[in-house]
Amino acid sequence: VTRGRYKIFLGMAAGVGKTYRMLQEGQAELGEGRDVAIGYLEPHDRRETTDQAWGLEVVPRRQVAYRDVTVEEMDLPELLRRSPELALIDELAHSNPPGLEHPKRYQDIADAIGAGIDVYSTLNVQHLESLNDQVAELTGVRVRETVPDSVLGTADEVVLIDLTPEALVERLRAGKVYPGGTIDAALNNFFRIENLAALREVSLRQVAESVESKRLTLQRVEPLGTRQERVSAEVPKAVGERLLALVRPQPSSQRLVRRAWRSAQRLGTGLDLLWVKPPGQSLEGEVERQVTALRQLASVLGAKFLIEEHDDLVAAVARLVRERGITYIMVGESERPRGLARLREPLPQRLMRATPPGVDVRIVARRSAAKEEGS
Amino acid sequence: VIEHVLVGVALVLGLGGGYLLARSRRHAKPAGDGEDVHRILLPFTGTEISRRAVDAALRLARAENASLMPAYLAAVPMRLPLGCSIPNEAGQAMAMLEAIEQRAAAQGVPVDARIERGRSYRHALARLLESEKFDRVVVPAEASGGEGLSGDDLVWLLERAPAEVLILRPAPDDARRVAVGAAGPVSHLAA
C-alpha cells in the first residue's frame, strides 16, 4: 500500500481558521472528484465551520465510556474500513481515552496514512512538545496535550494559517471563536495582543525551520565549481540562520556564549554550543564543574550543548556544521601561539576552508584583549 | 651527499622532537582555570544590584586573589518545569552579568558567572550552595522590602552557607546601581 499524503494546517491559536481552511480544501478536493470523508470534526459551535462542512461525508463517531461519562471519539476502525481517498481529521494533538487503539490521535492518523489514506489535520503551535515550555513562559498558559515535533517532520506539507493578532481579537469579539459568555475571560487571559504576537512569531519561525530542515534534507552538496560559484548557488537558498559557538570548559567561554546568544536572539534563531573534547580527557575536577556550568547555562538559554570527542577540532566542527545546517560559527580568541604552533594556520582560516561556502566565522575577543586594544 | 642526508635527518628529528614536546606541553595543561581558585559568591536578583555590593566583592576578590562568582537567581513559576529554558529572564541575567564582568575586568578580577533556577530565590540560592564551592558570600541587604532576598532569606543564608557571609548594610550609596535598561540586553552603569 502506498503511504498517504499528510498535510497539517498549523496555527498560532484557536480561531485563526485552521479547521475552516481544512474543510475548504476538502471541499475543493471533493469538487475535483476525489473521495473525501471527515474522520473527525470539532466545529466548536462555529457556524462558518459547520457551513463549510456541509456536503462532506462524515464517518460516524463512536461512543466511548470514560470515568462515568460517555464521550464521542473518532472511529479509527470504521475510517480504515471506509478507506476514503482523503480523510479530514481535526485536532491532531487530541488525547484518546484509555481503551482505544492508541493513546494519541496523531498515532491514529499515522495508521490511516499507513493504510494509504491521505490525511489533512489541524494543530496549534503550543501543542508542539519542544515549544510547550516556551509558549507557557510567553503566555502563562500551559497545555497538557502535546505532540512530538517529529510529527510535524513527517508531514508532506505544513500550511501556516496566519492571522494578525488584531484580526483574531476582532473575530473573538464578534463571537466567531467562543460563545458570548466566555469572550471577556478569553480576552483578558490567553487572547491578549502581546500573547498572540509572541505565538504568531513562534508559529512563523516553526514553519520557517520546518521548511529549512526539509530543504537541507533534500539538498545534496555538489563540490563542483569555484568557491564563488558555490557561494552564489547556495546562499540564496538559505531561509534561516543557525549559530554554533565553540566553547571550552573554562569561565571565559561564558562570555562567548553570552555574545552568541545575543546574536542568536537578534537573528531569531537557534544556538548550539560545542565542546570538542580531546580523546581520553577525563571529566573531573574543575573541567567537570565547568562542563556542568555550561550545560546549565545552555539549558537556561534554551541552547543545545554538545560534546564531541575528537582529536581534530576542525573536522568535528565541519561535520556538525553540515549535519545541523549551521550558518554562523563563533569562536573565542585563541591564545598567542608559541613554538611550532606559530607555523600552523589559525583556527578561523582552517574552519573557513573545512566548512561549506557561505558559513561565516566570527571571533569574539577576550575582554582583557579588547581593553588593551581600546586603550 | 651523506652529509646532506645527515643534516636532513637531524633537521627532521629536531622538528619532530620540538613538535612532540610542544604537543605534550599543550596536553599537560589543564583545560580549566586551576583547581584551587578561591571564589567569592555574589548572588543577586532582578535587573539591578547596588554598585557598592559589586565593588565590595571585587575589592575582596582582588585582595584575596580570588575569582568572583556573580550568580543571578531566577524564580521559575510552578506552572513551568524547573529545568525549562527561561529566555526572557535570561536576557536580563545576561545583561547584568555582562555589566558586572565589565567592571571586574577593569579591576583585573576573573569572573565565573552562574544563572541558577529555583522555585523561589531562596530555593535557587540553596541549589547554588549545594552545587558550587566558594569561600565567601557577599550579599547586599535591601533598605526596604524589594523583590530580592528578604531579611528571612539572609538569616537562612547565615545558617546554611558553608562559607563566610558578608551582608552589606543599606547605605545612601546604594542608590548607585549596576543595572540594565528595561528594554533588555543593553547594559549600563547607573548612578
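Given the structure is predicted, the values throughout are model-derived calculations rather than measurements.

**Topic: the side chain of Asp90 of chain A**
All names here are of chain A. Locating Asp90 in the fold gives a position in the loop between β6 (86-89) and α4 (105-114). Although buried, Asp90 forms no salt bridge, and the nearest oppositely charged side chain, Arg105, lies 6.9 Å from it. In this structure the side chain of Asp90 is engaged in a polar contact, spanning 3.1 Å, whose partner is the backbone nitrogen of Glu42. In this view, Asp90 contacts Thr19, Met22, Tyr40, Leu41, Glu42, Arg105, Ser121 and Thr122; residues no more than four positions away in its chain are not counted.

**Digging into the sheet that holds strand β1 (residues 6-11) of chain A**
Residue and element names in this part refer to chain A. Pairing is parallel in the open sheet, where six strands are placed in the order β3-β2-β6-β7-β1-β8. Both edges of this open sheet fall to β3 (57-58) and β8 (157-161), since each of them pairs with a single strand only. Two elements, β1 and strand β7 (residues 118-124), share six bridges in a ladder whose sense is parallel. What sits directly across from Phe9, in β7, is Thr122. Where helix α1 (residues 18-31) meets the sheet, it contacts β1, β2 (36-40), β6, β7 and β8, and its direction lies at approximately 165° from that of β7. On top of the sheet, α4 reaches β1, β2, β6 and β7; it is set at about 160° to β7, its chief contact.

**Side note on the interface of chain A and chain B**
A common way to express how large an interface is: the accessible area buried when the components associate. If you look at the interface, chain A gives 33 residues, while chain B gives 40 residues. Of the roughly 3300 Å² buried at the junction of chain A and chain B (both faces included), carbon and sulfur atoms supply 50%. Our enumeration of links across chain A and chain B arrives at seven salt bridges. Its salt-bridge partner being Asp112 of chain B, residue Arg289 of chain A comes within 3.4 Å of it at the nearest N-O pair. Here chain A and chain B share eleven residue pairs in polar contact (both at pLDDT 80 or more) between them. With eleven residues, the single largest contributor to the side of chain A that touches chain B is helix α12 (residues 285-301) of chain A. Looking at the side of chain A that touches chain B, its residues break down into eleven nonpolar, nine polar and 13 charged.

**Things to note about a nonpolar patch on the surface**
Judged by side-chain polarity, Val1, Val5, Val9 and Leu13 of chain B come together as a nonpolar surface patch covering roughly 430 Å² of accessible area. With respect to the helices and strands, Val9 of chain B occurs in helix α1 (residues 2-28).

**Considering the sheet that holds strand β6 (residues 164-168) of chain B**
All names here are of chain B. The strand order across the open sheet formed by five strands is β4-β3-β1-β5-β6, and the pairing between neighbours is parallel. Both outer strands of the open sheet, β4 (114-118) and β6, are each paired with one neighbouring strand and no more. Between one strand and the next, the sheet's axes are offset by a mean angle of 25°, whatever the strand orientation. The sheet contact formed by strand β3 (residues 67-75) and β4 spans five bridges and is parallel. By the bridge assignment for β4, Ala74 is matched with Arg117. On top of the sheet, helix α2 (residues 51-63) reaches β1 (39-44), β3, β5 (136-140) and β6; it is set at about 170° to β1, its chief contact.

**Some details on the confidence of the model for chain A**
Mean pLDDT over chain A works out to 83, with 88% of the residues at or above the 70 mark. Note that pLDDT drops below 50 for residues 369-375 of chain A; the model gives that stretch three contacts with residues more than four away or on any other chain.

**A word on the nonpolar core**
Residues and elements named next belong to chain A. Tyr6, Leu88, Leu123 and Phe191 are the most contacted members of the largest nonpolar core, which has 59 residues in total. The residues contacting Tyr6, other than those within four sequence positions of it, are Leu92, Ile109, Ile113, Val119, Ser121, Val151, Thr154, Ala155, Asp156 and Glu157. Leu243, Ala260, Leu273 and Met330 belong to the second largest nonpolar core, which has 56 residues in total.

**As for the confidence of the model for chain B**
Residues and elements named next belong to chain B. Of all residues in chain B, 77% have pLDDT values of 70 or greater, and the mean over the chain is 78. The model gives residues 28-35 a pLDDT under 50, and that stretch makes 14 contacts with residues more than four places away or in other chains. Across residues 182-191, confidence stays below pLDDT 50; counting only partners more than four residues off in sequence or on other chains, it has 24 contacts. Scored as a whole, the predicted complex attains pTM 0.53, and scored at its interfaces, ipTM 0.71.

**Side note on helix α13 (residues 313-324) of chain A**
All names here are of chain A. With twelve residues, α13 extends 16 Å from end C-alpha to end C-alpha; this agrees with the ideal 16 Å at 1.5 Å per step. Residues Val314, Ala316, Val317, Ala318, Leu320 and Val321 constitute the buried set of α13. N-cap assignment for α13: the residue whose side-chain oxygen lies 3.1 Å from the backbone N of Val314 is Asp312. Backbone geometry just downstream of α13 places Gly325 in the positive-phi region, at approximately 65°.

**Regarding the packing of aromatic side chains**
As enumerated under the stated definition, the model contains two aromatic pairs over all chains in all. Each ring, one from Phe9 of chain A and one from Tyr120 of chain A, has its centre 5.8 Å from the other, and the planes form 75°; the classification is edge-to-face. A residue pair is termed long-range when its members are at least 10 positions apart, and Phe9 of chain A in strand β1 and Tyr120 of chain A in strand β7 qualify at 111 residues. Grouping residues by exposure puts Phe9 of chain A and Tyr120 of chain A together as buried. Ring plane angle 80° and centroid distance 5.7 Å describe the contact between Phe44 of chain B and Tyr72 of chain B, whose orientation is recorded as edge-to-face.

Rules of the game
Residues numbered from 1 in each chain as written. Chains lettered and ligands numbered in written order. Predicted model: local features only at pLDDT ≥ 70, side-chain atom pairs only at ≥ 80, totals over all residues. Heavy atoms only, no water. Helix = DSSP H or I, 4+ residues; strand = E, 2+ residues; numbered from the N terminus. Buried < 20%, exposed > 50% of the residue type's maximum accessible area, 1.4 Å probe, protein only. Lys, Arg positive; Asp, Glu negative; His and termini not counted. Salt bridge = Lys/Arg side-chain N within 4 Å of Asp/Glu carboxyl O. Polar contact = N/O pair within 3.5 Å; in protein donor to acceptor, adjacent residues only side chain to side chain. Contact = heavy atoms within 4.5 Å. Pairing = 2+ DSSP bridges. Axes fitted to C-alpha atoms, helices over the stretch in contact; angles between N-to-C directions. Buried area = accessible area lost by both parts, 1.4 Å probe. Nonpolar A, V, L, I, M, F, W, Y, C, P; charged D, E, K, R; others polar. Patch = residues over 30% accessible without salt bridge, like charges linked within 9 Å, V, L, I, M, F, W, Y side chains within 5 Å. Areas by Shrake-Rupley, 256 points an atom, 1.4 Å probe, with all protein chains shown as cover. pLDDT = per-residue confidence, 0-100. Core = buried A, V, L, I, M, F, W, Y, C linked by side-chain atoms within 4.5 Å. Expected span 1.5 Å × (residues − 1). Phe/Tyr/Trp six-rings, centres within 6.5 Å; stacked < 30°, edge-to-face > 60°.

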